[in-house]
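Residues per chain, in single letters:
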Amino acid sequence: MSEFDYDLFVIGGGSGGVRAARVAAGEAGAKVALAEEDRYGGTCVIRGCVPKKLMVFASEYAAMPADARAYGWDIADGSFDWDRFKAKLDAELDRLEGVYRKLLKGSGVETFDARARLKDAHTVELSTGETFTAKHILIATGGRPVRPDMPNAHLGMVSDDIFHLKELPKTVLIIGGGYIACEFACILHGLGVEVTQYYRGAQILRGFDDEARGLISDSMQERGIKLHVGTDIVEMCHADHEKVAGPVEERQYGHDDLTDEAHGPEGPIRVKATNGEELVYDAVFFATGRRPNSDDMGLEELGLALARNGAIEVDDYSQTKVPSIYAIGDVTDRVNLTPVAIREGMAFVETVFKGNPTKVDHELIPSAVFTQPEFGTIGLTEEQARDQEPVEVYCTSFRPMQSAFAETTDRVLMKLIVSQETRKVLGCHIVAPGAGEMIQLAGIAVKMGATKEDFDRTVAVHPTMSEEIVTMRNPVRKA
Ligand code: NDP
């Protein structure tokens, strides 16, 4: 009989926490409990990847009637019904949350719909007043969107709020140039919203390959998104207030008091920008980054090290400074992607419950940005690779057959960064419809250490866009 109530107590029912709990209980036979204060499935399923991707699909239909007409179809433009889509979306998320709960139950995990904080290295205290002890505690509480620190920032939405909108705004100002800003600029534009985007830096999607960023930025603007780089918001207030930054009563919404009730944006909102523009938007959407959810959990009192942004510091095995406490996923701010959190959860179970110490491999992780056009990427950017060693760059940009025939301007970019010394492909960057699907497969080759000659030996699949990845014969430059 164990001295603890549980072998493992998991805090957080998102992708990472649920997987770790399920595998520890189902495969390793551990006695496991899990507490979740919000909905099961976490950011990815409830207010991130899944609803976002469904909105991407919805928005992509906007261009289809015109494309179909170019291919001989007699088809009229339609209109988008947010209410109809949202009802289906809500039902789908309910279904998925049910699946998550069922999976936990089926593996024998005991669940608590409550907020949890740590009392000591082995004790968890729930908002229900109950306390439980566990041999190991796993923190998988994820992250949340943050607004910039400026007066009236609470008037702006964050990504969590998008999925609860009562109606779509007619005009929106998006602040930021990262994944979320760019994806939602494209989604909302596709759904018929007039989108303006401000990014404070010189080019959107900082950290990604420069040529890919340039093509995505051009394509977004060609589609009608008013993108202003080197531009930021200075002041904002309710449009009916006379002066920007006038007094506005405080009202918070977003992650902290997220409800399932639909609500509208706070607009119209008057915004003054660094470029001198002073305009009114129905909504302002801050996509200005995310922060780990580690507040008010009793962590610092216990001696856990936290970074300045609140990220829990862990070693290669996801173990914190307190040996019985581990942390995985966005709360550790390593690589903030769902599949990475899941892998960190699996590695934790291997290490702690299966006697097989396993580090998570954070190298060469493929990922996609679901802009329109889509972007798939793995490995080093040209800029990073050049700093590391002499490289060859193979690159092609072209109008794919499907859009050339429809006479649209969409272009595709395929780019390989190759080590001059080892011939290994160090980076692969694809901007194209379906680039997320392509990079998953190209990613296997890159992860295996394929050389440029391995790519060349592979026969092209014709006629496809992705055949270009194996037919680029000469480098466009050496650097
Ligand atoms: P990012 O950190 O990628 O981007 C934040 C953006 O906001 C940057 O452009 C940043 O500018 C800007 N910014 C930050 N603070 C301010 C400020 N005070 N005023 C003006 N602009 C500001 O965060 P996201 O929220 O877009 O995404 C968070 C994470 O979620 C990603 O890193 C990714 O890991 C994950 N994600 C992954 C997706 C996918 O895989 N498809 C989709 C969505 C999210 P600057 O560049 O100058 O710092």
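Residues numbered from 1 in each chain as written. Predicted model: local features only at pLDDT ≥ 70, side-chain atom pairs only at ≥ 80, totals over all residues. Heavy atoms only, no water.

### Side note on the overall build of the protein
Here's step 1: Of the regular secondary structure elements, the protein holds 13 helices and 22 strands.
Here's step 2: Computed over the C-alpha atoms, the radius of gyration of the protein is 24 Å, within 12% of the 23 Å expected from 2.2 N^0.38 for a compact globule of 479 residues.
Here's step 3: Taken along the three principal axes of its C-alpha coordinates, the protein extends 70 × 65 × 45 Å.
Here's step 4: Looking at the protein as a whole, 50% of its 479 residues qualify as buried.
Here's step 5: When contacts within the protein are restricted to residue pairs at least 6 apart in sequence, those whose partners lie at least 24 apart make up 66%. (Helix = DSSP H or I, 4+ residues; strand = E, 2+ residues; numbered from the N terminus. Rg over C-alpha atoms; globule rule 2.2 N^0.38 Å. Buried < 20%, exposed > 50% of the residue type's maximum accessible area, 1.4 Å probe, protein only. Contact = heavy atoms within 4.5 Å.)

### Thoughts on the sheet that holds strand E9 (residues 194-199)
Here's step 1: With parallel pairing, the four strands of this open sheet are ordered in space as E10-E9-E8-E14. Looking at the sheet topology across the chains shown, the edges are occupied by strand E10 (226-229) and strand E14 (283-286). Going from strand to strand, the sheet's axes swing by 15° on average, the running direction of each strand aside.
Here's step 2: Here four bridges tie strand E8 (residues 171-175) to E14, and the two strands are oriented parallel to one another. Counted as the bridge partner of isoleucine 175 is phenylalanine 286 from E14. (Pairing = 2+ DSSP bridges. Axes fitted to C-alpha atoms, helices over the stretch in contact; angles between N-to-C directions.)

### Concerning the confidence of the model for the protein
Interpretation of the predicted coordinates at a detailed level should be avoided for regions scoring low in pLDDT.
Here's step 1: A residue-level look at the protein finds 94% of positions with pLDDT of 70 or above and a mean pLDDT of 94.
Here's step 2: Low pLDDT, under 50, characterises residues 245-263; the predicted model gives this stretch 52 contacts beyond four residues in sequence or across chains. (pLDDT = per-residue confidence, 0-100.)

### Comments concerning the environment of glutamine 197
Here's step 1: Considering the arrangement of structural elements, one finds glutamine 197 in strand E9.
Here's step 2: Engagement of the side chain of glutamine 197 in a polar contact is seen with the backbone oxygen of glycine 176, the distance being 2.9 Å. (Polar contact = N/O pair within 3.5 Å; in protein donor to acceptor, adjacent residues only side chain to side chain.)

### Digging into the sheet that holds strand E11 (residues 233-238)
Here's step 1: Pairing is antiparallel in the open sheet, where three strands are placed in the order E11-E12-E13. Strands with a single pairing partner mark the edges of an open sheet, and in this sheet they are E11 and strand E13 (278-281). Within this sheet the neighbouring strands show an average axis-to-axis angle of 25°, counted without direction.
Here's step 2: In the sheet, strand E12 (residues 269-273) pairs with E13 via four bridges, with the strands oriented antiparallel. Among the inter-strand pairings, valine 271 is bridged to a residue of E13, identified as leucine 279.

### Some words on helix H9 (residues 338-353)
Here's step 1: Taking 1.5 Å per residue, 16 residues should reach 22 Å; H9 reaches 22 Å between its end C-alpha atoms and fits that length.
Here's step 2: All buried positions along H9 are accounted for by Val340, Ala341, Ile342, Glu344, Gly345, Ala347, Phe348, Val349, Thr351, Val352 and Phe353. (Expected span 1.5 Å × (residues − 1).)

### Topic: the site of the ligand
Here's step 1: Lining the immediate surroundings of the ligand are 21 residues, of which Gly177, Tyr199, Arg206, Asn336 and Ala368 lie closest.
Here's step 2: Taking glycine 177, its main chain carries an N or O atom lying 2.8 Å from an oxygen atom of the ligand.
Here's step 3: A total of three residues in the shell around the ligand trace back to one element, the largest contributor, which is helix H7 (residues 179-190).
Here's step 4: Here the shell around the ligand is composed, by residue class, of nine nonpolar, six polar and six charged. (Near = heavy atom within 4 Å. Nonpolar A, V, L, I, M, F, W, Y, C, P; charged D, E, K, R; others polar.)

### Some words on the packing of aromatic side chains
Each aromatic ring pair is characterised by the separation of its centres together with the angle its planes make.
Here's step 1: Per the counting criterion, the structure on display carries 15 aromatic pairs.
Here's step 2: Ring geometry for tyrosine 6 against phenylalanine 9: centres 6.0 Å apart, planes inclined by 80°, an arrangement best described as edge-to-face.
Here's step 3: Classification of tyrosine 6 as buried rests on a relative accessible area of 4%.
Here's step 4: Given a relative accessible area of 0%, phenylalanine 9 falls into the buried group.
Here's step 5: Ring geometry for phenylalanine 163 versus phenylalanine 184: centroids 6.0 Å apart, planes at 65°, classification edge-to-face. Highlighted residues: phenylalanine 163 in the loop between helix H6 (159-162) and E8 and phenylalanine 184 in helix H7, separated in sequence by 21 residues.
Here's step 6: Judged by relative accessible area, phenylalanine 184 falls into the buried class, the value being 3%.
Here's step 7: Cluster of aromatic residues (ring-pair linked, three or more members): Tyr6, Phe9, Phe112 and Phe132.
Here's step 8: Directly above the aromatic system of tyrosine 6 lies the positively charged group of lysine 31, at a separation of 5.1 Å from the ring centroid.
Here's step 9: Of note, lysine 452 hangs over the ring of tyrosine 394, and the distance from its end group to the ring centre comes to 4.3 Å. (Phe/Tyr/Trp six-rings, centres within 6.5 Å; stacked < 30°, edge-to-face > 60°. Lys NZ or Arg CZ within 6 Å of the ring centre and 35° of its normal.)

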